[in-house]
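Take a look at the letters that make up each chain.
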Amino acid sequence: MKRLFVLSILFFTSTAVYSLDTAPAWISWDVPREQEQESIRKMEESGITVIGWTNAVVDVSAFEGLQLLALANLETRLILQDPRRDPWLTSLKTIFRPGSSISRIWFEPQNLDKAREILGVREVQAQVSTVSTGFTPRVITGWVIITGSSLYLILSLLTLLNPSGASLGRRWRLLVLNILLLGAAIVLTTIPGRSDSSESTSSSQVEPGSRVSWLRHHWFQRAWPYGAVWQDWVPGKAWSYLSYERRNGRVSEVRASLETPDAIWARKAFEGLDPHHAARIFGSENP
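Owing to the predicted nature of the structure, the values given are computational and were not obtained by experimental measurement. (Residues numbered from 1 in each chain as written. Predicted model: local features only at pLDDT ≥ 70, side-chain atom pairs only at ≥ 80, totals over all residues. Heavy atoms only, no water.)

1. A short note on a nonpolar patch on the surface
Counted only if it meets this: Excluding any residue in a salt bridge, patches collect residues exceeding 30% relative accessible area, merging like charges within 9 Å and nonpolar Val, Leu, Ile, Met, Phe, Trp and Tyr side chains within 5 Å. Each accessible area is a Shrake-Rupley estimate made with a 1.4 Å probe; only the visible protein chains count as cover when residues are assessed. One speaks of a salt bridge when a side-chain nitrogen belonging to Lys or Arg is within 4 Å of a carboxyl oxygen belonging to Asp or Glu. Counting from the N terminus, the helices are DSSP H or I runs at least four residues long and the strands are E runs at least two residues long.
Together, Leu242, Tyr244 and Val251 line one region of the surface with nonpolar side chains, adding up to about 310 Å² of accessible area. Tracing the sequence through the fold places Leu242 in strand S6 (residues 240–247).

2. What about the packing of aromatic side chains?
The condition that has to hold: Centres within 6.5 Å make a pair out of two Phe, Tyr or Trp rings, where for Trp the six-membered ring is used; the pair is then stacked when the planes are under 30 degrees apart, edge-to-face when over 60, and tilted otherwise. A simple rule labels every residue: compare its accessible area, found with a 1.4 Å probe on the protein chains alone, to the largest value its type can have, and call it buried under 20%, exposed over 50%, or partly exposed in between.
Under the criterion given, the structure shown has 8 aromatic pairs. Consider the rings of Tyr226 and Tyr241, whose centres lie 4.5 Å apart with planes at 45 degrees: the pair is tilted. Taken together, the positions of Tyr226 in the loop between helix H10 (214–223) and S6 and Tyr241 in strand S6 put the pair 15 residues apart, joining distant regions of the chain. By relative accessible area, Tyr241 is classed as buried at 15%.

3. Here we look at the pattern of salt bridges
Per the stated rule, a full pass over the model turns up 7 salt bridges. Here Arg41 makes a salt bridge to Glu45, at a shortest N to O gap of 2.9 Å. A residue pair is termed a helical-turn pair when its members lie 3 or 4 positions apart in one helix, as Arg41 and Glu45 do in helix H2 (residues 36–45) at 4 residues. Look at Arg41 and you get partly exposed, because its relative accessible area is 37%. Three or more residues joined by partner-sharing salt bridges are found here, namely Glu38, Arg41 and Glu45.

4. As for the nonpolar core
The test is simple: As used here, the term nonpolar core means buried Ala, Val, Leu, Ile, Met, Phe, Trp, Tyr and Cys residues forming a set that is joined through side-chain atoms within 4.5 Å. In this description, contact between two residues means that some pair of their heavy atoms is separated by no more than 4.5 Å.
In terms of nonpolar packing, the biggest core is built from 37 residues, with Val58, Trp88 and Phe96 touching the most fellow members. Counting residues per element, the ones that place at least two in this core are strand S2 (57–61), helix H4 (87–96), H10 and helix H11 (263–271). Beyond its immediate stretch of four places on either side in the chain, Phe96 contacts Ile51, Gly52, Trp53, Ala56, Leu71, Ile102, Ser103, Arg104, Trp106, Ala278 and Ile281. Listed in part, the 11 residues of the second largest apolar core include Val31, Ile105, Phe107 and Ala115.

5. Focus: the packing of H2 against helix H5 (residues 112–119)
Counted only if it meets this: Lines fitted to C-alpha atoms define the axes here, with helix axes fitted over just the stretch in contact, and angles between the N-to-C directions of these axes take values from 0 to 180 degrees. Relative orientations are named as follows: roughly parallel for angles under 35 degrees, roughly antiparallel for angles over 145 degrees, roughly perpendicular for angles from 65 to 115 degrees, and oblique for any other angle. What makes a crossing left-handed is the near helix being turned counterclockwise from the far one by less than a right angle; a clockwise turn instead makes it right-handed. Any residue that is not Ala, Val, Leu, Ile, Met, Phe, Trp, Tyr, Cys, Pro, Asp, Glu, Lys or Arg is counted as polar, Gly included; the first ten are nonpolar and the last four charged.
In the contact formed by H2 and H5, the axes pass within 10 Å of each other and the chain directions differ by 125 degrees. Taken together, the axes of H2 and H5 lie oblique to each other. By crossing handedness, the relation of H2 to H5 is classed as right-handed. The segment H2 lies against H5, with Ser39, Lys42 and Met43 engaging Ala115, Ile118 and Leu119. Here the contact of H2 with H5 is built from residues that sort into 4 nonpolar, 1 polar and 1 charged.

6. What to know about the environment of Asp232
Relative to the assigned elements, Asp232 resides in the loop between H10 and S6. With 16 residues separating them along the chain, Asp232 and Arg216 place their C-alpha atoms 9.7 Å apart. Beyond its immediate sequence surroundings of up to four residues, Asp232 is in contact with Trp219, Gly227 and Trp239.

Below you can see the structure in the form of structure tokens.
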């Protein structure tokens with residue numbers, strides 16, 4: 001039983017590590033604002049896709065579909081009162097312009113060595129993972145303990161029915177200890193800890209974009225012409241709006257629905273992004 005318990009812990013730990021290691025990420029590089037365009041040009045000419053303030057695009061509602069606008073021109077294209085200026089769009093400036101004289105450019109980590117050679121620098125200022133899904137190392141560790149403890153709890157209950165083996169008192173003590181461990185693991189996965197708070201605040205350069213989902217923005221820009229507001233977003237639930245149809249010579253009210261924002265919809269939306277779309281640095285999301 002002990003061997004089975006240890007093997008289960010190793011299996012779920014390896015699964016958790018794999019999920020962390022394979023999460024897509026982009027690297028950010030801070031350059032003087034006057035050097036941004038030149039840095040992007042050099043890297044793009046060498047085959048590295050770079051996303052920066054001067055070449056990033058975003059999708060905005062064109063009433064009948066979406067249109068791509070240059071991020072740098074967004075403030076002049078959409079006035080402050082324009083309802084299409086949603087929280088995701090307004091959060092992007094701090095992602096690409098963190099300081100008055102600094103520009104932040106983004107590229108994929110496999111191009112790090114090549115970028116260093118092109119730009120003649122040694123260090124990268126920051127790295128950013130995908131939009132937070134809640135599966136921090138602390139939470140994953142908690143779930144690993146929960147899984148292993150649950151398995152051990154089941155096996156311990158089975159051994160209580162077996163008169164042979166360890167004494168009954170010892171088996172009860174192990175059972176109580178396992179229940180306490182299970183309870184601690186549940187607390188670990190559900191109550192935010194200091195480490196999570198410090199991680200989110202220390203990575204202030206990505207905090208605004210991480211708090212606001214690009215998928216929510218994508219849904220809103222499509223649903224806004226039909227009367228939806230930002231607060232109507234519900235992952236996995238289609239937006240229903242009032243429409244009109246002519247039936248038997250009379251105009252009647254009917255309810256119609258847009259596409260359901262589920263996992264398939266999300267994957268399709270992300271795969272169709274322009275190579276320089278600002279949302280690419282956050283990775284795909286699963287509503």
